[in-house]
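Notes for the structure review
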Amino acid sequence: MIGQDFEKIQWEFAGLELLEPNAMLGDILLFGVAMYFASYCSKLTNDFYRNWRNFYLIFGCSFLLGGLGHFLYNYFGLWGKYPSWILGMIATYFLTKAMISLWPIESQRMRYTNLSKWLLTIGVLSEISVFIFIDLSQDQSRGLLVPSLISGIGLIFALVYLGIAYQRKIDSAFKYFWIAALMLLPNAIIQSLKINIAPWFDRNDFSHVLLLISLILYFVAIVKIKTTLVK
């Protein structure tokens, strides 16, 4: 189905009226994978790996909360989705910070870091304004516009611009970062056109698959460049 969504899958369990168990399963999978990758990064102590650990931790929590927001929508309404939208931008900030930490010129590194902080601040304040002043009950996708824009800017800079620069100057394995960014591009088409394959595999489930592939590609790069960064 293209251009509109299937009716949400409903599931009654233990007296609860639950929605979208398929989305909940996908979010739990992303949470588990992110926590595993975070535990790997926590064993390494430089800024690059510390920030990747923070990214995976916050990314995983954002999707766990996002899944619960879908699952318990009948009880929490839109308020159950707001935390995950905010956390998504914070996760992107730490990813960006991780990549910036390798920039060799200190003055430029500080400038990039400050710009990433301003980007996050603008994104969070703008999203809070959306929550307050815009009625999202008619079209929830409007609430995703700010997080998508802010995260998109951060990912393009960190994964594509810095990823290509580091691939040339540090290690060829940095190519996996910009490849991962390319994997996320179809998300914009899938979500904007509302491309749904089936009720149990809708546009959000499709996005989960692309996000999972990107998480794995990040991790492949992180593992491959470890020896180079230690040296």
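An account of the accompanying structure is given in this report.

Quick notes on the rules
- Residues numbered from 1 in each chain as written.
- Predicted model: local features only at pLDDT ≥ 70, side-chain atom pairs only at ≥ 80, totals over all residues.
- Heavy atoms only, no water.
- 1 Å grid on protein atoms, 1.4 Å probe; cavity = no way out; pocket = protein on both sides within 12 Å on 5 of 7 lines; lining within 4 Å.
- Points joined across faces, edges and corners; volume = space filled by probe spheres on them.
- Helix = DSSP H or I, 4+ residues; strand = E, 2+ residues; numbered from the N terminus.
- Nonpolar A, V, L, I, M, F, W, Y, C, P; charged D, E, K, R; others polar.
- Axes fitted to C-alpha atoms, helices over the stretch in contact; angles between N-to-C directions.
- Parallel < 35°, antiparallel > 145°, perpendicular 65-115°, else oblique.
- Left-handed = near helix turned anticlockwise from the far one by under 90°.
- Pairing = 2+ DSSP bridges.
- Salt bridge = Lys/Arg side-chain N within 4 Å of Asp/Glu carboxyl O.
- Buried < 20%, exposed > 50% of the residue type's maximum accessible area, 1.4 Å probe, protein only.
- Core = buried A, V, L, I, M, F, W, Y, C linked by side-chain atoms within 4.5 Å.
- Contact = heavy atoms within 4.5 Å.

Turning next to empty space enclosed by the protein. This model, assessed by the stated rule, comprises one cavity of 30 Å³ or more. If you add up the space inside the largest cavity, you get close to 60 Å³. Every residue lining the largest cavity is listed: M89, T92, Y93, T96, S116, L119, L120, I150, S151 and G154. Elements with a minimum of two residues in the lining of the largest cavity: α4 (82-100), α5 (106-133) and α6 (145-169).

Let us look at the layout of surface pockets. The calculated volume of the largest pocket comes to roughly 1800 Å³. The wall of the largest pocket is formed by 50 residues, among which L144, S148, Q191, N204 and S207 lie closest to the centre. Those elements giving two or more residues to the lining of the largest pocket turn out to be α2 (47-71), α4, α6, α7 (175-193) and α8 (203-224). In terms of residue class, the lining of the largest pocket is made up of 22 nonpolar, 19 polar and nine charged. Space inside the second largest pocket adds up to approximately 180 Å³. Lining the second largest pocket are D47, R50, N51, K97, I100, S101, R109, M110 and T113. Elements supplying a minimum of two residues to the lining of the second largest pocket: α2, α4 and α5. In terms of residue class, the lining of the second largest pocket is made up of two nonpolar, three polar and four charged.

Bringing the packing of helix α1 (residues 21-41) against α2 into the picture now. Close contact between α1 and α2 brings their axes to 8 Å; oriented N to C, the two are set at 165 degrees. Between α1 and α2, the angle falls in the class roughly antiparallel. The two elements α1 and α2 meet at a crossing, and its hand is left-handed. For the contact of α1 with α2, the class distribution of residues is 21 nonpolar, four polar and two charged.

Relative to strand β2 (residues 16-19), strand β1 (residues 10-13) runs antiparallel, the two being bridged by four bridges. Considered in β2, the bridge of Q10 is made with L19. Hairpin connection, β1 to β2: the antiparallel pair is bridged by two residues, and A14 has positive phi, about 50 degrees.

Right, let's talk about the pattern of salt bridges for a bit. All chains considered together, the criterion is met by one salt bridge. Measuring nitrogen to oxygen at the nearest pair gives 2.3 Å for the salt bridge that ties R50 to D47. In this pair, R50 and D47 are both assigned in helix α2, three residues apart and thus about one turn of the helix distant. What makes R50 partly exposed here is its relative accessible area of 32%.

Core analysis: the biggest nonpolar cluster contains 55 residues, and W52, F55, Y56, M99, F177 and Y218 have the highest contact counts within it. Among the elements of the structure, α1, α2, α4, α5, α6, α7 and α8 are those that each provide at least two residues to this core. A per-element tally of this core places α4 first, with eleven residues. Setting aside its immediate chain neighbours within four residues, M99 contacts F48, W52, A158, L162, G163, Y166, F174 and F177.

Examined against the element boundaries, N51 turns out to sit in helix α2. For N51, the residues in contact, after removing those within four places along its chain, are F94, K97 and A98.

Purely geometric numbers; function is a separate question.
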